[in-house]
Amino acid sequence: MNTALQTHLADDIAHRYIALWNETDASRRLQLLADGWTADASYADPLANAAGAEGISALIAAVQSRFPGFRFKLLGKPDAHGEHLRFSWTLGPEASEDL
């Protein structure tokens, strides 16, 4: 894959991931999961695990409930190598500086 295409795809995936975490409408969030994740997708980090679209959506809803009015934003540019992607994000109140 050429570097320009890989960069574009990495950027697109990272933006869709952030959009998913910022989506507050449960049905729209489930549609984003159906459009961009596999049916057997799972999510794991040091604080939580979730499986399937319903589980991942419920986890996101719980995070949104814990941090009402906060938004995720990309920090810097996504970095891709082969089938791997990494990117950083921030979380903060929508109308103020990120935390």
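Note that this is a predicted model, so its numbers are computed, not measured. (Residues numbered from 1 in each chain as written. Predicted model: local features only at pLDDT ≥ 70, side-chain atom pairs only at ≥ 80, totals over all residues. Heavy atoms only, no water.)

### Examining the overall build of the protein chain
Looking only at helices and strands, the protein chain has three helices and four strands in total. For the protein chain, the N- to C-terminal ordering of α and β elements is α-α-β-β-α-β-β. For the protein chain, the C-alpha radius of gyration of 14 Å lies close to 13 Å, the compact-globule estimate for 99 residues. Its C-alpha atoms give the protein chain principal-axis dimensions of roughly 40 × 35 × 25 Å. Expressed as a percentage of its 99 residues, the buried residues of the protein chain come to 25%. Considering only intrachain contacts with a sequence separation of at least 6, the fraction spanning at least 24 residues in the protein chain is 42%. Total accessible area on the protein chain stands at roughly 6900 Å², and carbon and sulfur atoms take up 55% of it. (Helix = DSSP H or I, 4+ residues; strand = E, 2+ residues; numbered from the N terminus. Rg over C-alpha atoms; globule rule 2.2 N^0.38 Å. Buried < 20%, exposed > 50% of the residue type's maximum accessible area, 1.4 Å probe, protein only. Contact = heavy atoms within 4.5 Å. Areas by Shrake-Rupley, 256 points an atom, 1.4 Å probe, with all protein chains shown as cover.)

### Focus on the pattern of salt bridges
Counting across every chain of the model gives two salt bridges. When the shortest N-O distance is used, the salt bridge between Arg16 and Asp12 registers 3.0 Å. Taken together, the residues span about one helical turn, with Arg16 and Asp12 both in helix α1 (residues 3-22) at a distance of four residues. Taking the relative accessible area as the measure of exposure, Arg16 reaches 43% and is therefore partly exposed. (Salt bridge = Lys/Arg side-chain N within 4 Å of Asp/Glu carboxyl O.)

### Comments concerning the pairing of strand β1 (residues 42-45)
Pairing of β1 with strand β2 (residues 48-51), which is carried by four bridges, proceeds in the antiparallel orientation. Bridge pairing in β2 places Ser42 opposite Ala51. If you look at the hairpin formed by β1 and β2, you'll find two residues sitting between the two strands. (Pairing = 2+ DSSP bridges.)

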